[in-house]
Amino acid sequence: GMLNAMTELPKPLIARCHGNAFGGGVGMLSVCDVAIGAEGAKFGLTETRLGLIPATIGPYVVARMGEAKARRVFMSARIFDAAEALRMGLANRVVPRGQACAHAIQLAREIAHFPQTCLRNDRASALEQWSLPWEAATANETDRGTATLRSGEARAGASRFAAGEEIG
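The structure displayed is predicted, hence computed values, not measured ones.

Rules of the game
Residues numbered from 1 in each chain as written. Predicted model: local features only at pLDDT ≥ 70, side-chain atom pairs only at ≥ 80, totals over all residues. Heavy atoms only, no water. Phe/Tyr/Trp six-rings, centres within 6.5 Å; stacked < 30°, edge-to-face > 60°. Helix = DSSP H or I, 4+ residues; strand = E, 2+ residues; numbered from the N terminus. Buried < 20%, exposed > 50% of the residue type's maximum accessible area, 1.4 Å probe, protein only. pLDDT = per-residue confidence, 0-100. Contact = heavy atoms within 4.5 Å. Pairing = 2+ DSSP bridges. Axes fitted to C-alpha atoms, helices over the stretch in contact; angles between N-to-C directions.

### Some thoughts on the packing of aromatic side chains
Next up, step 1: Scanning all chains against the criterion turns up one aromatic pair.
Next up, step 2: Centre to centre, the rings of F43 and F80 are 6.0 Å apart; their planes meet at 20 degrees, and the pair counts as stacked. Linking F43 in strand β4 (residues 42-44) with F80 in strand β5 (residues 79-81), this pair joins segments that are 37 residues apart in sequence. You'll find F43 and F80 in the same group, each marked buried.

### Quick word on the confidence of the model for the chain
Next up, step 1: Scored by pLDDT, the chain comes out at a mean of 82, with 78% of its residues at no less than 70.
Next up, step 2: Here residues 132-143 is modelled with pLDDT under 50, and outside its nearest four sequence neighbours on either side it reaches two contacts, counting other chains as well.
Next up, step 3: Confidence drops under pLDDT 50 across residues 145-149; counting only partners more than four residues distant or on other chains, this segment forms three contacts.

### As for the sheet that holds strand β2 (residues 20-22)
Next up, step 1: Spatial ordering of the open sheet is given by β2-β4-β5, a layout of three strands whose pairing is mixed. The sheet is open, and its two edges are formed by β2 and β5, each paired on a single side. The average angle at which neighbouring strand axes cross in this sheet is 20 degrees, direction not considered.

### As for the pairing of strand β1 (residues 14-17)
Next up, step 1: Residues A15 and C17 of β1 are buried on one face, while the alternating residues I14 and R16, pointing to the opposite face, are not.
Next up, step 2: With four bridges connecting them, β1 and strand β3 (residues 34-38) associate as parallel partners. When the bridges of β3 are listed, I14 appears paired with V34.

### Remarks on the sheet that holds strand β6 (residues 93-95)
Next up, step 1: If you walk across this open sheet you meet the three strands as β1-β3-β6, and the pairing is parallel. Since the sheet does not close on itself, it has two edges, and those belong to β1 and β6, each with one partner. Along the sheet, successive strands turn relative to each other by an average axial angle of 20 degrees, direction set aside.
Next up, step 2: Sheet topology places β3 next to β6; three bridges connect them, and they run parallel. Paired with A38 across the two strands is V95, which belongs to β6.
Next up, step 3: Helix-sheet contacts for helix α6 (residues 100-112) involve β1, β3 and β6, and the interaxial angle to β1 is about 170 degrees.

### Quick look at unusual backbone geometry
It is generally the case that most residues other than glycine have a negative phi and that most peptide bonds are trans.
Next up, step 1: Of note, the phi angle at A77 is positive, near 55 degrees, even though the residue is not glycine.
Next up, step 2: Note on placement: A77 falls in the loop between α4 (67-76) and β5.

Given below as structure tokens:
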């Protein structure tokens, strides 16, 4: 429930990782809007080494990193550095050791000047998009694609295709 509660908070979440984040720590980073990693920090989803799966944090990690990258770290159970966390989308920024806190505070100060209603709506909108079941998201995408067929170019192309004309 903690990760879900963090995800649903109406305020932006900024994380700083200045040490090591494994398992639940990676889950917590995954639900933050911005994650700042310090050089030298280590990350890992090492549950597999224990015969476990990252079940509780899995959906949040997949949402953060993407399915392919998440599967790779789930199955390898290896430890990786901040630079790789940045490449995989787990971290948004890597800063020199000892500067993660200062960077997080500076970002918080910048964000604090934005309209708070807008920030709440940004987070709520992102959560709503992510929370859609795959089938609903696919149906929405299909609806958007179908709506595109109503454009003049799309109608003309569909007519040429129906008439057996070479397309492309």
